[in-house]
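Here is what each chain is made of, one letter per residue.
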Amino acid sequence: MSSTLLEVTRAAHEEVERLERLIVKDLQTEPANSKDRLFQSHRVRNMIDTISATTERLIEIYEDNDNARKDEIAALGGQTAAGTNVFSAFYDRLKEIREYHRRHPAARVVDANEDYEILLKEEPQIEFSGEEAFGRYLDLHELYNLYINSKFGKQIEYSAYLDVFSQPHEIPRKLKMTRQYREYMEKLLEYLIYFFQRTEPLQDLDRIFSKVVVDFEEQWTNGTVPGWEKEGQENGYIPEEHTVIDLDYYSTVEELMEVGPEKLKEALAALGLKSGGTVQQRAERLFLTKHTPLEKLDRKHFAKGSRRQEENGAVAPAPQEVENLKDVALMETKMIKICDLLSETIERTKQNVEKKQALTYEEMEAEREEQEETQVDTESDDEEQQIYNPLKLPMGWDGKPIPYWLYKLHGLGQEFKCEICGNYSYWGRRAFERHFKEWRHQHGMRCLGIPNTKNFNEITSIEEAKELWKKIQERQGGIKWRPDLEEEYEDKEGNIYNKKTYTDLQRQGLI
């Protein structure tokens with residue numbers, strides 16, 4: 001029955017309102033973990049995209065470029081070519097409704113809310129590599145290989161690359177003027193955008209980039225883009241980084257030859273001239289520029305593809321070259337902005353890489369299995385949360401609260417703290433009594449210089465233990481404590497020995 005344009009309009013408005021309510025309901029639910037949070041964000045993103053598409057369709061209907069909406073409203077009012085007949089229009093519409101139900105006698109009313117509620121339980125398919133660990137870490141290995149095998153890169157470890165990839169201003173400008181660097185920057189920016197869209201689907205990246213572009217245009221005009229600053233240059237000229245020789249100090253070619261072949265080559269390259277040949281040929285070519293402007297030199301002296309001119313001591317690239325360099329600088333600016341937004345993820349990636357470098361293969365496999373088990377346990381959290389435990393009783397071996405009478409019998413609800421053990425907590429009277437013979441308490445007493453004898457049972461305060469030890473020493477007079485005979489040790493079966501006996505039995509392999 002939604003064949004009419006007005007019915008389509010009504011259904012579209014209903015869909016928009018229902019999706020808005022679902023978004024509010026979904027966002028009111030606090031995700032249990034990062035995976036659920038990511039699913040929630042993508043669900044909301046999908047619903048927002050659906051609302052946008054539906055709204056665009058509604059705008060087209062209301063613009064009514066083909067007058068279809070206007071004609072349908074007029075038909076509802078009974079306006080025809082013969083005149084206005086309201087009753088005729090009413091009965092025609094009634095006949096259409098009856099005909100529809102006659103053709104579909106088994107049609108039933110479908111509750112659309114049920115279909116939309118399913119959206120709240122949907123788990124969107126999000127593509128992540130194994131290294132990305134469902135959006136927790138970056139996977140820059142492919143870009144790292146491009147970096148270390150390029151002219152602008154360095155032979156560094158992957159962990160060091162994670163520190164420098166977001167700092168393009170550290171790369172010399174002359175190395176950024178290559179196609180290889182441009183392709184590298186395009187791939188790096190493409191990956192970071194794709195990763196950001198997968199991990200932060202609710203962020204409006206277009207709006208963020210629009211502000212970045214506005215700020216970039218202003219900085220580019222003023223020559224203050226990081227890594228692309230202009231030093232006294234105008235009209236988009238790029239200052240040359242090569243050494244330029246002052247020819248006023250040289251009167252002959254022979255004097256100029258003493259500068260050396262490398263400096264001559266740099267000076268010629270800075271002016272866009274050919275830099276090959278012998279030292280004398282290089283000196284002669286450079287000496288020509290002392291009395292002849294560059295624009296009047298013969299083309300044969302210039303390097304291939306060079307269309308440079310000298311103005312006010314600046315080297316000006318061609319307009320197309322300036323535009324290409326501007327695009328590269330803009331990509332760098334966008335990349336730096338995304339790295340700021342992903343700063344926490346980058347830091348997590350560094351820590352993960354450093355951690356993996358200290359692990360063996362077996363330890364990495366064990367960690368991976370542990371993560372899988374944790375994921376399985378997380379998926380079953382919903383079932384565990386349904387256990388009714390108002391008294392907050394301890395859980396038994398079957399994952400259910402232990403009986404209350406057992407809880408009171410063993411005193412499991414009581415907490416005992418021992419200052420000697422570093423304020424460690426022991427739950428229950430039995431655990432508290434046994435801890436006096438455990439290594440933690442023995443180590444604490446040894447650090448205090450006090451023997452761990454029966455006299456100090458039930459003593460948990462450091463001050464009380466010191467006072468009691470002082471009284472024992474005063475009562476014994478000048479008798480010193482003999483650890484070989486008085487310090488107690490316990491074996492696995494619970495037998496108590498003094499230190500000398502315990503050591504002898506241990507040496508004989510009896511313990």
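Everything that follows concerns the structure shown earlier in this document.
Residues numbered from 1 in each chain as written. Predicted model: local features only at pLDDT ≥ 70, side-chain atom pairs only at ≥ 80, totals over all residues. Heavy atoms only, no water.

Some remarks on the side chain of Thr9
Logical step 1: The topology assignment puts Thr9 in helix H1 (residues 5-27).
Logical step 2: Leave out the neighbours within four places in its chain, and Thr9 touches Leu58, Ile61 and Tyr62. (Helix = DSSP H or I, 4+ residues; strand = E, 2+ residues; numbered from the N terminus. Contact = heavy atoms within 4.5 Å.)

Notes on the packing of aromatic side chains
Logical step 1: Tallying each qualifying case throughout the model produces 14 aromatic pairs.
Logical step 2: Centre to centre, the rings of Phe39 and Phe134 are 5.7 Å apart; their planes meet at 80°, and the pair counts as edge-to-face. Separated by 95 residues along the polypeptide, Phe39 in helix H2 (residues 34-63) and Phe134 in the loop between helix H5 (112-117) and helix H6 (141-148) bring together distant segments of the chain.
Logical step 3: For Phe39, a relative accessible area of 7% corresponds to the buried category.
Logical step 4: For the ring pair Phe152 and Tyr181, a centre distance of 5.0 Å and an interplane angle of 90° mean the geometry is edge-to-face. With Phe152 in the loop between H6 and helix H7 (158-164) and Tyr181 in helix H9 (residues 179-199), this residue pair connects regions lying 29 residues apart in the sequence.
Logical step 5: Since its relative accessible area comes to 5%, Phe152 is described here as buried.
Logical step 6: Following the ring pairs from residue to residue traces out a cluster consisting of Tyr144, Tyr147, Phe152, Tyr158, Tyr161, Phe165, Tyr181 and Tyr184. (Phe/Tyr/Trp six-rings, centres within 6.5 Å; stacked < 30°, edge-to-face > 60°. Buried < 20%, exposed > 50% of the residue type's maximum accessible area, 1.4 Å probe, protein only.)

Thoughts on the pairing of strand S6 (residues 424-427)
Working note: regular strand, side chains alternate between the two faces of the sheet.
Logical step 1: By the bridge criterion, 4 bridges tie strand S5 (residues 415-418) to S6 in an arrangement that is antiparallel. In the strand pairing of S6, Lys417 is matched with Ser425. (Pairing = 2+ DSSP bridges.)

Digging into the pattern of salt bridges
Logical step 1: Taken as a whole, this structure holds 16 salt bridges when the rule is applied.
Logical step 2: Residue Glu186 is joined to Arg182 by a salt bridge in which the shortest nitrogen-to-oxygen separation is 3.4 Å. Here Glu186 and its partner Arg182 are both found in helix H9, 4 residues apart, which amounts to about one turn of the helix.
Logical step 3: Take Arg182: its relative accessible area is 23%, and that puts it in the partly exposed class. (Salt bridge = Lys/Arg side-chain N within 4 Å of Asp/Glu carboxyl O.)

Just distances and angles here, no functional claims.
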